[in-house]
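Descriptive analysis of the structure
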Amino acid sequence: MQLKQAVIKALGPMMSLLLHKEEHHDRIFELISWLLEQYKEDIDVFHVTKSLSQLLEVSCEYKIPLPKEKFQAICSALHIQICSQAKPLSAENHAELLDCVVLLARSSPDDLIAFLHSQLEIENEAVRVASLNLLRALVGADLPETRVKKFLIVKAVKSTFSDQNATVRKAVLHFIRRLLSSGSVENCAAWDMVAYVFREFSVSTSKLAIQEESTIQTLCIDILQCLDTSVSGMTQVLWPRLLEYVVPAQYTGTLKPLCRCLRELAEKKQQEGEEAACLDYSGPVKLPTPQGLLARLLVVASSPYEREGHGCAALQLLKALHHNIHAAVGEMWVLKIPPLLRYIEGNTENSLDHEQWEHMLLQFLRTSLEMIGDSAWSSQISLELSQQMAGYASPSKEKGVISILALSAESHLDLTLNALQEFGAAMSKVKISGFIGRLKDYHRGKRGKTRSTLMLTYSNVAVHAPKDQLLSRVEADITGNILHHYRASCQVLGITVTNKDMYLKLTLIQNVTEISCAILETRDSQEFEFSYKQELLGYMLDFIKKEPLDSLASPVRYKAILAIGHLSKLKPSLTLEENRELLDQCFKSLFPLPPLEETKEEGETAKDALHIQSLYVGSLEALGKLMKTLLEEEPTADWFQEMFDLLRPWVSSEKEWERERALQASTQLLTAYQETVNSTTRETFNRFGSLIGLIAPYSCDSLATSRQWVVDCISCLLCIQGQSMNLGSVAEELRCLREALTAPDPEALFQASSKMARVVSEYFPSEQATDFIKATLGGMLSASPTCATAAGLWMKIILKECGDAMLDKVPDILVIIYSHMPTIQEGSLRQFLVEAVSILAHRDLETVISSLLSEPLPIDRD
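The rules behind these values
Residues numbered from 1 in each chain as written. Predicted model: local features only at pLDDT ≥ 70, side-chain atom pairs only at ≥ 80, totals over all residues. Heavy atoms only, no water. Helix = DSSP H or I, 4+ residues; strand = E, 2+ residues; numbered from the N terminus. Rg over C-alpha atoms; globule rule 2.2 N^0.38 Å. Buried < 20%, exposed > 50% of the residue type's maximum accessible area, 1.4 Å probe, protein only. Contact = heavy atoms within 4.5 Å. Expected span 1.5 Å × (residues − 1). Patch = residues over 30% accessible without salt bridge, like charges linked within 9 Å, V, L, I, M, F, W, Y side chains within 5 Å. Areas by Shrake-Rupley, 256 points an atom, 1.4 Å probe, with all protein chains shown as cover. Salt bridge = Lys/Arg side-chain N within 4 Å of Asp/Glu carboxyl O. Lys, Arg positive; Asp, Glu negative; His and termini not counted. Charge placed at Lys NZ, Arg CZ, Asp CG, Glu CD. pLDDT = per-residue confidence, 0-100. Phe/Tyr/Trp six-rings, centres within 6.5 Å; stacked < 30°, edge-to-face > 60°. Disulfide = S-S within 2.5 Å. Polar contact = N/O pair within 3.5 Å; in protein donor to acceptor, adjacent residues only side chain to side chain.

Description of the overall build of the protein chain
When you go through the protein chain residue by residue, the secondary structure sums to 44 helices and 2 strands. What you see for the protein chain is a C-alpha radius of gyration of 42 Å, clearly larger than the 29 Å of a compact globule of 862 residues, by over 25%. Seen through its C-alpha atoms, the protein chain measures out along the principal axes to roughly 155 × 70 × 50 Å. Looking at the protein chain as a whole, 53% of its 862 residues are labelled buried.

In structure tokens form, the structure reads like this:
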């Protein structure tokens with residue numbers, strides 16, 4: 001074995017020496033065959049490769065051609081070595097093998113390329129990958145002999161483009177990276193290589209869960225990032241065809257390097273002269289329209305930090321393409337785009353004021369369209385955006401599309417609506433064949449997502465539409481289309497199903513809010529009868545009913561209540577019964593939710609808990625706004641009383657968290673009454689007694705927050721009742737008592753509550769004594785012992801402080817007290833009843849005795 005190794009080592013130098021003499025050629029060619037056979041032996045094949053390398057080097061240097069069959073044999077042997085998976089190649093042997101292939105390329109490039117092309121025709125992963133790697137090595141070697149053969153090399157590689165094997169695809173991409181970074185890409189069909197990169201990026205996008213596909217996509221981005229526009233022939237290869245990939249959504253991930261390349265190319269063309277820089281939109285290359293480019297790049301800029309910050313790249317490309325977008329914007333864009341770039345660069349994703357940024361972009365677009373001054377040109381933006389709409393999956397880009405389309409509606413309402421109508425109709429005509437296909441289409445949700453975007457665009461168009469044109473278009477052209485797309489989104493295989501899609505619900509809720517607000521801002525809103533009001537209200541109430549009563553993780557409930565508030569302001573007005581049912585449903589959706597701290601525990605993080613708290617606070621605030629709206633629509637004391645009657649059972653609920661919410665709502669309702677009915681009518685408030693009797697006992701509730709709400713309710717009631725009186729220092733007294741009611745000690749609470757009762761007694765209307773007593777005795781039946789005691793204390797204090805003014809009510813009060821004695825069994829509470837009768841006796845003994853004698857003994861055990 002050692003002898004054979006020594007022979008092999010010596011063979012290379014010996015053959016190299018003898019090759020100079022023609023008479024030894026036949027013997028040397030025989031030895032080549034023997035040497036190649038050694039690859040099959042169990043020896044260190046490095047020396048075999050080294051000897052071949054030495055022989056090939058002399059053959060190349062002295063231009064001594066090898067016979068074709070020997071050339072092919074060497075190619076085949078070397079290729080087998082590189083492909084072999086039985087025994088891993090050492091690093092030094094692999095390097096020698098590559099040197100041999102390069103030497104073969106110098107000797108006969110056509111034959112080597114033809115051999116490798118033939119290997120690429122074989123459907124075997126290892127064979128193809130090895131062949132592609134060898135072709136990559138040839139391009140990387142940049143040999144004079146192969147430079148002019150790049151077209152043949154590229155042709156060979158193109159034969160593998162249909163191979164779906166991930167390893168082969170990666171090998172092709174590695175070859176392309178080497179080719180595009182070589183000294184020249186002239187006359188070698190390099191564009192086909194660039195197009196392959198984009199194709200592979202798009203294909204891998206839908207398979208990113210597979211690790212190899214993710215690697216392929218990363219490799220595609222890396223190739224595009226490394227594209228050097230200064231390489232000889234690169235400008236001719238890429239310009240203007242690279243523009244084809246700017247607008248299609250599947251290439252969004254490539255936009256940063258793509259925009260960078262296109263900007264560099266556009267600047268090169270501008271240096272060559274205006275004529276060279278101008279695009280031929282009617283030429284053989286199918287370029288995006290100027291409006292399509294403008295729309296796409298502005299939408300990309302609307303989310304500037306996505307995809308490693310492609311917003312700046314998009315704006316820089318816009319600036320470079322200004323002559324090709326429209327001749328009128330050149331000077332303005334040169335001035336306006338740099339400040340936009342500085343704003344992005346001066347912020348981060350977290351610090352950016354997104355509303356301000358959106359405003360800046362829309363102002364830039366508005367100014368651009370004014371400079372262009374061509375209605376037909378500008379109207380095309382709406383059509384382009386509607387066509388691009390389906391491709392935007394990110395919420396920020398979707399918002400960008402909606403904002404730009406809505407801006408178009410300001411000056412081209414009809415054209416914008418027509419573009420949306422055409423897009424919606426075209427989308428509806430796309431048929432998905434087969435049962436399974438249609439089922440997949442529904443579950444993947446892409447078409448549903450596009451419909452949601454379309455719905456949002458319609459309502460945003462309503463917001464931006466000229467006010468004098470909106471009412472004539474808001475029903476048939478806007479709301480009707482929104483509902484058409486909503487219903488279509490709720491169908492599977494043509495069958496309507498229950499909408500459980502939170503995003504779709506929130507979309508319709510936003511539609512209702514925006515359309516309602518837009519209508520209300522028109523001059524004739526109060527004369528306009530919105531025919532879709534009942535249907536939309538039905539959807540909102542249905543969403544609220546479907547929300548779980550054990551969770552507050554979704555914003556649907558909160559936003560639906562807000563939407564109902566806006567919708568309620570529109571004509572036709574609802575009946576009182578309809579308003580009552582609406583409000584009752586909102587109470588039933590909010591009040592029974594678990595305590596806030598319990599709902600916050602649903603969140604997995606502190607951020608989730610803050611979100612739930614925000615939804616809770618927002619929902620109760622939205623309820624308050626809704627009650628005020630409903631009261632403004634029917635500003636009467638009777639309707640106020642009906643609303644409060646709906647709250648009454650919740651105020652006296654056995655669950656402390658339900659009482660807390662109902663007391664907060666009571667404060668909101670009283671405040672609304674004070675600001676609407678009471679401030680305009682100045683009519684006598686004849687519900688003071690009953691409401692004080694209902695609410696006051698909860699000044700000793702188990703929850704401190706409930707006690708605070710009670711003070712706020714009583715403050716409102718005093719303001720309403722004492723509107724024509726001088727309340728003096730009452731506000732300050734109540735503020736101090738509010739503080740005192742935070743104490744946990746029951747005795748301290750009773751003292752503070754009693755002080756509040758004395759404050760109220762100064763403004764108590766004696767004619768409402770019976771209403772107060774009825775309500776207070778109801779409070780004594782409370783499940784909370786402290787609230788029941790507080791009710792007794794309030795009854796005693798009001799009777800004691802206001803007794804002289806109530807003399808004419810004594811018989812009625814006694815009847816009420818007697819009627820409650822059978823239901824109030826607890827000893828200390830019965831004592832309050834006895835004391836109440838005693839207080840009345842001090843004021844009018846004769847009436848009390850007469851009443852007592854006419855009634856059975858109230859505490860008779862029989």
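From this point on, the discussion continues.
What to know about helix α42 (residues 810-820)
Within the sequence span of α42, burial applies to V810, I813, L814, I816, I817, Y818 and H820. If you follow the buried residues of α42, they end up packed against α40 (769-779), α41 (785-802), α43 (827-843) and α44 (845-854).

What about α43?
An ideal rise of 1.5 Å per residue puts 24 Å on 17 residues; α43 measures up with 25 Å between its terminal C-alpha atoms. Those residues of α43 that fall on the buried side of the exposure criterion are L829, R830, F832, L833, A836, V837, I839, L840 and A841. Buried residues in α43 make contact with α40, α41, α42 and α44.

Quick word on unusual backbone geometry
In this structure, the amide linkage connecting W239 to the following residue, P240, adopts the cis form with an omega of 0 degrees. By the element assignment, P240 lies in the loop between α13 (234-238) and α14 (255-272). Following K571, the chain continues into P572 via a peptide bond in cis, with omega recorded as 0 degrees. If you trace the backbone, P572 turns up in the loop between α29 (556-568) and α30 (576-590). Here D142, not a glycine, exhibits a phi torsion of approximately 50 degrees, which is positive. Secondary-structure assignment places D142 in the loop between α7 (125-141) and α8 (144-147). Even without glycine at this site, N187 takes up a positive phi of about 55 degrees. For N187, the location among the structural elements is in the loop between α10 (166-180) and α11 (190-205).

As for a negative patch on the surface
Together, D550, E598, E601 and E602 line one region of the surface with negative charge. Examined against the element boundaries, E601 turns out to sit in the loop between α31 (596-600) and α32 (606-633).

Overview of the pattern of salt bridges
Overall, the coordinates contain 34 salt bridges when judged by the stated rule. The salt bridge partner of R147 is D142, with a shortest N-O separation of 3.0 Å. Using a relative accessible area of 44% as the deciding quantity, one classes R147 as partly exposed. The exposure class of D142 is partly exposed, given its relative accessible area of 31%. Across the salt bridge formed by E675 and K628, the nearest N and O atoms sit 2.8 Å from each other. With E675 in helix α34 (residues 656-675) and K628 in helix α32, this residue pair connects regions lying 47 residues apart in the sequence. A relative accessible area of 30% means that K628 is categorised as partly exposed. Among the charged side chains, a network of salt bridges with common partners joins R169, R199, E200 and E213.

What to know about the confidence of the model for the protein chain
Overall, the prediction assigns the protein chain a mean pLDDT of 87, with 90% of residues at 70 or greater. Averaged pLDDT values over the elements of the protein chain bottom out at 38 in helix α24 (residues 435-444) and peak at 97 in α29.

Here we look at a nonpolar patch on the surface
Nonpolar side chains collect at one region of the surface, where L845, I849 and L853 lie side by side and expose about 320 Å² of accessible area between them. Within the secondary structure layout, L853 lies in helix α44. We classify L853 as exposed; its relative accessible area is 72%.

Details of the packing of aromatic side chains
For the coordinates displayed, the defined rule picks out 19 aromatic pairs. Their ring planes at 85 degrees and their centres at 4.9 Å tell us that Y245 and Y251 sit as a pair that is edge-to-face. For the pair Y245 and Y251, a shared accessibility class is recorded, and that class is buried. Every member of this aromatic cluster is reached through a ring pair, and the members are W191, F198, Y245 and Y251.

What about the state of the cysteines?
All chains considered together, the criterion is met by 0 disulfides. Looking at C261, it has no disulfide partner, and the nearest cysteine sulfur is the one in C259, 9.6 Å off. The structure places no disulfide on C736, whose sulfur is separated from the nearest cysteine sulfur, that of C719, by 16 Å.

A closer look at the environment of L383
Residue placement: L383 occurs in helix α21 (residues 375-388). Looking at L383, the relative accessible area reads 21%, which means it is partly exposed. For the pair L383 and L537, spaced 154 residues apart in sequence, the C-alpha separation works out to 32 Å. Those residues in contact with L383 that lie beyond four places of it in its chain are A419 and E422.

Some thoughts on the side chain of S378
Structurally, S378 can be placed in helix α21. Among the residues examined, S378 registers a relative accessible area of 4% and is labelled buried. If sequence neighbours within four positions are ignored, S378 has contacts with L369 and H412.

Some remarks on the environment of Y503
As for its position among the elements, Y503 is in helix α27 (residues 502-520). Separated by 53 residues in the primary sequence, Y503 and V556 place their C-alpha atoms 9.0 Å from one another. In this view, Y503 contacts E398, K449, S452 and L456; residues no more than four positions away in its chain are not counted.

Quick look at the environment of S76
On the secondary structure map, S76 appears in helix α4 (residues 68-83). With a relative accessible area of 29%, S76 lands in the partly exposed category. For the pair formed by S76 and F46, sequence separation is 30 residues and the distance between their alpha carbons is 17 Å.

As for the side chain of S551
Within the secondary structure, S551 sits in the loop between α28 (533-546) and α29. Residue S551 is classed as buried on the basis of its relative accessible area of 16%. Within the structure, the side chain of S551 is placed 3.4 Å from the backbone nitrogen of A553, a separation counted as a polar contact. Discounting residues that sit within four places of it in the chain, S551 has contacts with R557, L593 and E602.

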